[in-house]
Amino acid sequence: MKNSKTTLLIPLFHLIFSAVFIFIFIGSIREIHSIIESMDHYRNAASEIQPLSQGYLSRLENLARDLRDQGPESAAEFSAEDGFAMIRDLLRTRDITVERFRTTGKGNTAAAEFILNSNGVDFLNFLKGAQEFSIPLSYIGIKPAPNSSTLNVTVRFNHVP
């Protein structure tokens, strides 16, 4: 009697082990398929991004030189709050979700930290459009969001009048 129970348990154990292995294997195949689709999506989106032209870069250099020549008296008209509002508007137009936002300091020492949730292409387009405002970017932290093709991004801006 004891021997017959053992002979029944061994195939049952093999069946359970095989079923668990098959479920894990199928889950891994699905994850690999999802990663391949995500790679194709980002490859296609990245191929659509055009590099900045030499003429555009030279215009930016001229604009930066003009701003440096104007001196700090012209920056007094532009407050930190105005700059941070422009950043939020730019994020909104790029369809980037602001999960958290905080400011530190006041006046000349004001800084802002944005915790964002975005796909990679939208965030890179945000960085490309960042020349629209004159608040220096001081930190970028990028991590992939778990179980998603989006990014968790931390961005800090300092206000330098």
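Above: the structure in question.
Residues numbered from 1 in each chain as written. Predicted model: local features only at pLDDT ≥ 70, side-chain atom pairs only at ≥ 80, totals over all residues. Heavy atoms only, no water.

A closer look at the sheet that holds strand β4 (residues 151-158)
Next, step 1: Taken in spatial order, the four strands of this open sheet run β1-β2-β4-β3, and their pairing is antiparallel. Edge positions in the sheet fall to β1 (97-104) and β3 (137-144), since each of these pairs with one other strand and no more. Geometrically, the sheet is characterised by an average inter-axis angle of 10° between neighbouring strands, direction not taken into account.
Next, step 2: Pairing analysis gives seven bridges linking β1 to strand β2 (residues 111-118), with the strands arranged antiparallel. Across the sheet, residue T104 finds its bridge partner in β2, namely A111. (Pairing = 2+ DSSP bridges. Helix = DSSP H or I, 4+ residues; strand = E, 2+ residues; numbered from the N terminus. Axes fitted to C-alpha atoms, helices over the stretch in contact; angles between N-to-C directions.)

A closer look at helix α4 (residues 120-128)
Since there are 3.6 residues in each turn of an α-helix, residues three or four apart along the chain are aligned in direction.
Next, step 1: Inspection of α4 places G120, V121, F123 and F126 among the buried residues, and these make up the whole buried set.
Next, step 2: Capping of α4 at its N-terminal end is provided by N119; its side-chain oxygen lies 3.1 Å from the backbone amide nitrogen of V121. (Buried < 20%, exposed > 50% of the residue type's maximum accessible area, 1.4 Å probe, protein only. Polar contact = N/O pair within 3.5 Å; in protein donor to acceptor, adjacent residues only side chain to side chain.)

Quick look at the environment of A145
Next, step 1: By the secondary structure assignment, A145 is in the loop between β3 and β4.
Next, step 2: Aside from chain neighbours lying at most four places away, what touches A145 is T150, L151 and N152. (Contact = heavy atoms within 4.5 Å.)

Some words on the nonpolar core
Next, step 1: Residues I87, L91, F114, L116, F126 and F157 are the most contacted members of the largest nonpolar core, which totals 15 residues.
Next, step 2: Contacts of F126, omitting those with residues within four sequence positions, involve I87, L90, L91, R94, I96 and F157. (Core = buried A, V, L, I, M, F, W, Y, C linked by side-chain atoms within 4.5 Å.)

Topic: the pairing of β2
On a regular strand, one side chain projects to one face of the sheet and the next to the other, so that they alternate.
Next, step 1: Burial analysis of β2 places seven of its eight residues in the buried class, the great majority of the element.
Next, step 2: Bridge count for β2 against β4 is eight bridges, and the pairing is antiparallel. Looking across to β4, one finds that A111 is bridged to N158.

Comments concerning the packing of aromatic side chains
Next, step 1: Evaluation of the coordinates by the stated rule reveals four aromatic pairs.
Next, step 2: Between the aromatic rings of F101 and F114, the centroid separation amounts to 4.7 Å while the plane-to-plane angle is 40°, which identifies the pairing as tilted. Pair noted here: F101 is in strand β1 and F114 is in strand β2, with a separation of 13 residues, a long-range link.
Next, step 3: A relative accessible area of 0% means that F114 is categorised as buried.
Next, step 4: Among the aromatic residues, those joined into a cluster by ring pairs are F101, F114 and F157. (Phe/Tyr/Trp six-rings, centres within 6.5 Å; stacked < 30°, edge-to-face > 60°.)

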